[in-house]
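A structural walkthrough
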Amino acid sequence: MKTSHLRRSAAVAALGFSAVLSPVTVQAAGVPGQGTWETTLQPRDLDKNGQTDAFYDTALDLTWLRDTNLPGSAGNWNAANAWAGALVFGGHTDWRLPTMVDTGAPGCDWSGGAGGTDCGYNMPSAAAKLELSHLFFVTLGNKSYCDPNSSTVSVCNVQAGWGPSNTADFVGIDIFHSFWLGLDYAPSQRPGYLPYQNFAWYFDISGGQAPDLKFRQKSAMAVHAGDIGAVPEPETYALMLLGLAALVVSKRLRKP
């Protein structure tokens with residue numbers, strides 16, 4: 001298995017050839033018509049200051065914090081998990097890192113585009129259980145460094161426009177970031193792999209997913225289950241008032 005610094009070196013080195021291979025935007029903005037973000041990411045103002053600070057993802061039933069550069073978010077895997085677990089934003093707790101499902105399937109080759117079931121470039125991102133991969137490929141409509149139609153796992157045909165060409169309205173997503181996932185690497189499930197007890201999963205913004213040593217420094221995105229910033233519809237308020245009124249009447253009728 002190749003370690004992440006080799007993969008990152010390859011991706012960053014490719015930036016030097018971007019004028020020939022493809023345009024790579026270091027910090028992009030929302031691209032209309034690319035991905036599903038315009039309909040599946042709903043803005044939320046969690047701290048009620050009049051500004052969007054989160055997005056409810058209707059496809060995954062998650063709330064993503066908008067800013068990926070919050071103080072304390074970058075660090076090793078243990079620090080990133082501790083930061084998310086202790087985070088309080090807009091009065092909301094119970095934040096976590098994005099996660100995935102480690103199926104234990106072999107086949108992770110970062111030199112090619114075919115990838116594997118949950119490791120390598122071009123993951124099956126339509127699966128909702130691959131949260132950050134789904135956000136990158138489906139919601140934002142981005143492309144990985146290697147073409148998914150590369151002839152073999154050992155051949156990487158570089159895609160035009162690879163990387164975060166669309167970041168929607170998120171802050172801090174760029175080609176130089178990798179993001180920790182909140183899941184230990186489970187080597188015992190993978191035949192032929194050495195027992196890497198000190199590895200955890202991460203998603204690389206060049207469009208790939210793999211395990212890496214936990215002491216390495218990466219970024220972190222905070223997510224929360226459900227829609228925590230939804231504003232009740234007027235009908236909901238009306239029903240609440242009716243319920244309270246009925247409760248008051250009931251108590252008065254019970255008085256002797």
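The sections below set out a description of the structure shown in this document. Keep in mind that what you see is a predicted model, and the values were worked out from it rather than measured.

Spatially, β4-β7-β6-β5 is the arrangement adopted by the 4 strands of the open sheet, whose pairing is antiparallel. The sheet is open, and its two edges are formed by β4 (120-121) and β5 (178-184), each paired on a single side. Direction of pairing for β4 relative to strand β7 (residues 208-213): antiparallel, over a ladder of 2 bridges. Looking at β7, one finds that Y121 is bridged to G208. Sheet strands touched by helix α4 (residues 77-86): β5 and β6 (199-204). Its angle to β5, the strand with the most contacts, is close to 85 degrees.

Next up on the list: the nonpolar core. In terms of nonpolar packing, the biggest core is built from 52 residues, with W64, L65, W95, L132, F170 and M221 touching the most fellow members. The element best represented in this core is β6, accounting for 5 residues. When residues no more than four places from it in sequence are discounted, the contact partners of M221 are W64, T68, W83, R96, L97, P98, L132, L135, F170, I173 and F179.

Let us now look at the state of the cysteines. Scanning all chains against the criterion turns up 1 disulfide. The disulfide partner of C146 is C156, and the gap between their sulfur atoms is 1.9 Å. Measuring handedness by torsion sign, the sulfur bridge of C146 and C156 sits at about -110 degrees and is left-handed. Taken as a pair, C146 in the loop between α5 (131-139) and β5 and C156 in the loop between α5 and β5 lie far apart in primary sequence, 10 residues in all. C146 sits in the buried class, given a relative accessible area of 0%.

The rules we used
Residues numbered from 1 in each chain as written. Predicted model: local features only at pLDDT ≥ 70, side-chain atom pairs only at ≥ 80, totals over all residues. Heavy atoms only, no water. Pairing = 2+ DSSP bridges. Helix = DSSP H or I, 4+ residues; strand = E, 2+ residues; numbered from the N terminus. Contact = heavy atoms within 4.5 Å. Axes fitted to C-alpha atoms, helices over the stretch in contact; angles between N-to-C directions. Core = buried A, V, L, I, M, F, W, Y, C linked by side-chain atoms within 4.5 Å. Buried < 20%, exposed > 50% of the residue type's maximum accessible area, 1.4 Å probe, protein only. Disulfide = S-S within 2.5 Å.

Geometric values such as these leave the question of function open.
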